[in-house]
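Architecture and fold: a report
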Amino acid sequence: MWIVEIKWYLQKYVDNLARINKSKYPVVDLGTILKTVHNGANIDDASIYVEKNEGIPYILVKSITKEGIDFENLKHIRKDLTTNRDVKKNTVTEETIVMTRAGNAGICSNIPPDLVNGVASGFLINIHVDLSKVNQYYLVSFLNSELGQMQTERVSSGSILQSIRSSDLKKIKIILPPMEVQKIIGDKLKKSVYAKAE
């Protein structure tokens, strides 16, 4: 645990926070704009997988890129699993943000229309924010930027496989411009997410 605490004070992380705090816009903790945050569904069992046209999308860590979701790496799971409590809890909507929590931890993506009602897998963090305070596309843009990535790197732990606990996300600092500015930035990513889904 003390290794993580020492990591917090590395100069590159301190400098990154100083850059964020110099913003002309308000800076808030991610925890203040979250509605829910929890790990994805842990149902990894070979018997759950089916062909694409027979199941529902199961979004894996390797599907998440800074450019959006890579449809080539999607798996599909049996439709009858929608009654599973963990699956229900991790069914995604267009308002959902998914973040990788292990491996290349901290990469975020929005959910394109084609994946609505898909399921976020166990190595993802399933995030819902207060949309009256933040545009979900802007937030993904910020979290995937250098300012955001340095912070997720800072809160990650593990000597071999870096991982992020969903509770640690609440400490991440977010620059929060007015909603009209967020929308302009967010719309650029939204167009990209929708184009990738076509």
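Residues numbered from 1 in each chain as written. Predicted model: local features only at pLDDT ≥ 70, side-chain atom pairs only at ≥ 80, totals over all residues. Heavy atoms only, no water.

Considerations on the sheet that holds strand S9 (residues 119-120)
If you walk across this open sheet you meet the three strands as S6-S3-S9, and the pairing is mixed. Across the chains shown, the open sheet's two edge strands, defined by having one partner strand only, are strand S6 (75-78) and S9. Alignment of strand S3 (residues 55-59) against S6, held across four bridges, turns out to be antiparallel. Residue pairing across strands places tyrosine 58 opposite lysine 75, the latter belonging to S6. (Pairing = 2+ DSSP bridges. Helix = DSSP H or I, 4+ residues; strand = E, 2+ residues; numbered from the N terminus.)

A look at the pairing of strand S7 (residues 97-100)
The alternating pattern of S7 places Ile97 and Met99 and Val98 and Thr100 on opposite faces, both of which are buried. Pairing of S7 with strand S8 (residues 108-110), which is carried by three bridges, proceeds in the antiparallel orientation. Looking at the pairing, isoleucine 97 lines up with asparagine 110 of S8. Pairing of S7 with strand S10 (residues 124-129) involves four bridges; the strand directions are antiparallel. Across the sheet, residue threonine 100 finds its bridge partner in S10, namely leucine 124. (Buried < 20%, exposed > 50% of the residue type's maximum accessible area, 1.4 Å probe, protein only.)

Some thoughts on the packing of helix H2 (residues 11-21) against helix H5 (residues 146-155)
At a minimum axis distance of 10 Å, the contact between H2 and H5 shows a crossing angle of 140°. The angle between the axes of H2 and H5 places the two elements in the oblique class. The element H2 and its partner H5 pack so that their crossing is left-handed. Residues Lys12, Tyr13, Asn16, Leu17, Arg19 and Ile20 of H2 lie in contact with H5, whose contacting residues are Glu146, Leu147, Met150, Gln151, Glu153 and Arg154. Taken together, the residues of the contact of H2 with H5 break down into five nonpolar, two polar and five charged. (Axes fitted to C-alpha atoms, helices over the stretch in contact; angles between N-to-C directions. Parallel < 35°, antiparallel > 145°, perpendicular 65-115°, else oblique. Left-handed = near helix turned anticlockwise from the far one by under 90°. Contact = heavy atoms within 4.5 Å. Nonpolar A, V, L, I, M, F, W, Y, C, P; charged D, E, K, R; others polar.)

Observations concerning the sheet that holds strand S2 (residues 34-39)
Within the open sheet, the four strands sit side by side as S2-S10-S7-S8. Their pairing is antiparallel. Edge positions in the sheet fall to S2 and S8, since each has one partner strand and no second. Sheet twist, expressed as the average angle between the axes of neighbouring strands with direction ignored, equals 20°. Strands in contact with helix H4 (residues 136-144) are S7, S8 and S10; relative to S8, the strand with the most contacts, it is inclined by about 160°.

Structural notes on the side chain of serine 109
Inspection of the secondary structure puts serine 109 in strand S8. Leaving out residues up to four positions away in the same chain, serine 109 has contacts with Ile64, Thr65, Gly68, Ile69, Thr96, Ile97, Val98 and Val140.

Some words on the nonpolar core
By size, the foremost hydrophobic cluster in this structure holds 31 residues, and its most contacted members are Leu30, Met99, Ile127, Leu139, Leu169 and Ile174. Of all elements in the fold, only H2, S2, S7, S10, H4, H5, strand S11 (173-175) and helix H6 (179-197) reach the threshold of two or more residues within this core. Of all the elements, H4 adds the most residues to this core, at six residues. Other than its neighbours up to four places away in sequence, leucine 139 contacts Leu30, Ile97, Val129, Val134 and Ile174. If you look at the next biggest cluster of nonpolar residues, it comprises eleven residues, including Ile59, Val98, Ile107 and Leu115. (Core = buried A, V, L, I, M, F, W, Y, C linked by side-chain atoms within 4.5 Å.)

Examining the side chain of glutamine 151
In this fold, glutamine 151 is placed in helix H5. On the basis of relative accessible area, glutamine 151 is assigned to the buried category, the value being 5%. Not counting the four nearest positions on each side in its chain, glutamine 151 is found in contact with Asn16, Leu17, Ile20, Phe142, Ile172 and Lys173.

Things to note about the packing of aromatic side chains
For the structure on display, the rule yields two aromatic pairs. Ring plane angle 55° and centroid distance 6.2 Å describe the contact between tyrosine 49 and tyrosine 58, whose orientation is recorded as tilted. Given the relative accessible area of 2%, tyrosine 58 is considered buried. Directly above the ring of tyrosine 49 sits lysine 75, whose terminal nitrogen or CZ lies 5.1 Å from the centroid. (Phe/Tyr/Trp six-rings, centres within 6.5 Å; stacked < 30°, edge-to-face > 60°. Lys NZ or Arg CZ within 6 Å of the ring centre and 35° of its normal.)

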